[in-house]
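# Coordinates in review
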Amino acid sequence: MSIQPAQLRKDFPILERQINGHPLAYLDNAATTQKPRPVIESLVHYYETQNANIHRGIHTLAVEATKAYEDVRAKASKHIGATNTEDIVFTRNTTESLNLVARAWGDANLQEDDEIVLSLMEHHSNIVPWQLLAARTGARLRYADIAPNGLLQIDSLRKMIGNRTKLVSITHMSNVLGTINPIAEIAEMTHAVGALLIVDGAQSAPHLPVDVNQLGCDVFAFSAHKMLGPTGVGVLWARPGLLAEMDPFLGGGEMISIVRPEGSTWAEGPHKFEAGTPNIADVIAFGTALDYLHDLGMENVREHEKHITAYAIDALESSGGITVHGPRDIEARGGAVSFEVDGVHPHDVSTIVDAYGIAIRAGHHCAQLLMRYLNVPATNRASFYIYNEEHEVDALLNALEEAKRMFGNVDSRTAV
Ligand code: C6P
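This section reports on the structure supplied with the text. (Residues numbered from 1 in each chain as written. Predicted model: local features only at pLDDT ≥ 70, side-chain atom pairs only at ≥ 80, totals over all residues. Heavy atoms only, no water.)

### A few points about the overall build of the protein chain
Selection criterion: Strands are runs of DSSP state E lasting at least 2 residues, helices are runs of H or I lasting at least 4, and numbering of each runs from the N terminus. Think of it in three bands: with a 1.4 Å probe and only protein chains considered, a residue is buried below 20% of the maximum accessible area for its type, exposed above 50%, and partly exposed in between. Any two residues having at least one pair of non-hydrogen atoms within 4.5 Å are treated as being in contact. Using the Shrake-Rupley algorithm and a 1.4 Å probe, accessible areas are obtained, with residue cover drawn only from the displayed protein chains.
When helices and strands are tallied, the protein chain shows 14 helices and 17 strands. Relative to its 416 residues, the protein chain shows a buried fraction of 55%. If you take every contact in the protein chain between residues at least 6 apart in sequence, the share linking residues at least 24 apart comes to 72%. With the model as given, the accessible surface of the protein chain reaches about 17100 Å², and the carbon-plus-sulfur share is 51%.

So this is what it looks like as structure tokens:
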């Protein structure tokens, strides 16, 4: 059944808020999404009825909490079509998942003059861990170009991947351009030279049906908070067998098998990478978020976003004095829509629309390489989710008209 945003909105208490005297239009979903009541209640329920540390105690609460936590590993695995629950590691966020691989796989497998291939549309979370790895190992970084239509220049990437390439790390969906990258094709190129393909799924896992086996990647990382779940929970999936090849990232309780004075051995599977008490309550509430999304159906989530994104791009482009970045082909993009209003700095735009209760993001979106490529200091970004409706896009357009009126022809990029 198709998504009925007007119905769904009733599940999101925060959407009842008025901001500056206007109903909240929350269009900053690529940053983080709002949480439905069942997710919020799941946190309270856990603390009121099940709170205990997991994998340790054998009393009833500990057993219940452990089961509830481990059940979410299965749900997260199912969400991305993974084969084994044991290939899912819980982290704090996508950023930590990527850092984990850079440390645990990268340190052991890269050396001087090896190459790491990224793209210019990566989020800093998918750049900086590899820069740090390069600094530790002497490996080199290469960045694939973007075409004027906002798609990855696949030929540039193909030429870049060669015998020196040890790993390729690419976003599945850009948080700025919305571009969906052809991961299966990139996997073929990467595996042809025996390198590892890491996919930053922070923007795809919340919005598209994902199947890691069809994508053919080796690692897939995403964050709960961008898909109705709480902050503080990330997921790292690695293809079967890969986690076993990797050394631990952090040491401490729960990640060990045997500890002796001279050294320790490690726990099996994902537990080797989950040192210390994990974020139990938030992982469990993330399970509720996954249930919520799956009741809706990820195909339906995608269809709704295609519809509202096409509506927004059309409206922005026909309003005049607005530049929209990213692909126009709706099949090749998701719902993060970056734009600029001629002569008005994105921060001013964001402040003006906020006065009308509209939340968009302004800035470099943690993608400074991409800003440099676009030759802009910053952009505005509206990004959509299941509860967004066309009238919110209309409200944004009206508020943008106000921004144009207020700033007239002043070019704030050159103004001092
Ligand atoms: N992008 C945005 O407003 P964390 O912070 O670890 O949950 O996610 C990092 C991250 C990694 N990759 C991509 C493609 C992302 O979009 C993000 C988060 C937010 O665009 C916050 S900067």
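On we go.
### Some words on the pairing of strand β6 (residues 140–144)
Our working rule: When DSSP finds two or more bridges between two strands, those strands count as paired. Place the viewer so that the strands point away; then a crossover is right-handed whenever the path from the first strand over the helix to the second strand goes clockwise.
Relative to β6, strand β5 (residues 115–119) runs parallel, the two sharing 5 bridges. Along β6, the bridge assignment pairs Val117 with Arg142. Once you follow β5 into helix α5 (residues 128–137) and on to β6, the crossover reads as right-handed.

### Quick word on the packing of helix α11 (residues 298–318) against helix α14 (residues 390–407)
The cut-off we apply is this: Helix axes use the C-alpha atoms of the stretch in contact, all axes being lines fitted to C-alpha atoms, and the angles between their N-to-C directions lie in the range 0 to 180 degrees. Oblique is the label for any angle not under 35 degrees, not over 145, and not in the 65 to 115 range, which are roughly parallel, roughly antiparallel and roughly perpendicular in turn. Should the near helix be turned anticlockwise from the far one by less than a right angle, the crossing is left-handed, and should it be turned clockwise, the crossing is right-handed. Only Asp, Glu, Lys and Arg are considered charged, only Ala, Val, Leu, Ile, Met, Phe, Trp, Tyr, Cys and Pro nonpolar, and every remaining residue, Gly among them, polar.
Contact geometry for α11 and α14: axes closest at 10 Å, N-to-C directions at 20 degrees. The angle between α11 and α14 places the two elements in the roughly parallel class. For the pair α11 and α14, the crossing hand works out as right-handed. For the pair α11 and α14, the contacting residues are His307, Ile308, Tyr311, Ala312, Ala315 and Leu316 in the first and Glu390, Val393, Asp394, Leu397 and Leu400 in the second. Each residue belonging to the contact of α11 with α14 can be placed in one class, and the counts come to 8 nonpolar, 1 polar and 2 charged.

### Some words on α14
So the rule is basically this: Here, expected helix span is obtained from the residue count minus one, scaled by 1.5 Å.
In this model α14 runs 26 Å from its N-terminal to its C-terminal C-alpha over 18 residues, within 8% of the 26 Å that 1.5 Å per residue would give. Regarding α14, the residues found buried are Glu392, Val393, Leu396, Leu397, Ala399, Leu400, Ala403 and Lys404. Phi for Gly408, located one or two positions after α14, is positive at around 50 degrees.

### Some points on helix α10 (residues 280–296)
In this model, α10 (17 residues) spans 25 Å end to end at C-alpha, consistent with the 24 Å of a helix rising 1.5 Å per residue. Burial runs high along α10: 13 of the 17 residues are buried. Taken from the residues just after α10, Gly297 is the one with a positive phi, measuring 95 degrees.

### Regarding the side chain of Thr171
Inclusion rule: Whenever two N or O atoms come within 3.5 Å, that pair is a polar contact, provided that in protein one can donate a hydrogen and the other can accept it, and provided that, for residues adjacent in sequence, both atoms are side-chain atoms.
Its location among the elements puts Thr171 in strand β7 (residues 165–171). Residue classification places Thr171 among the buried positions, given a relative accessible area of 5%. From its side chain, Thr171 meets the backbone oxygen of Met173 in a polar contact 2.9 Å long. A polar contact of 3.4 Å, which involves the side chain of Thr171, links it to the backbone oxygen of Asp200. Setting aside residues up to four positions removed in sequence, Thr171 forms contacts with Met121, Glu122, Asn126, Asn181, Ile183 and Asp200.

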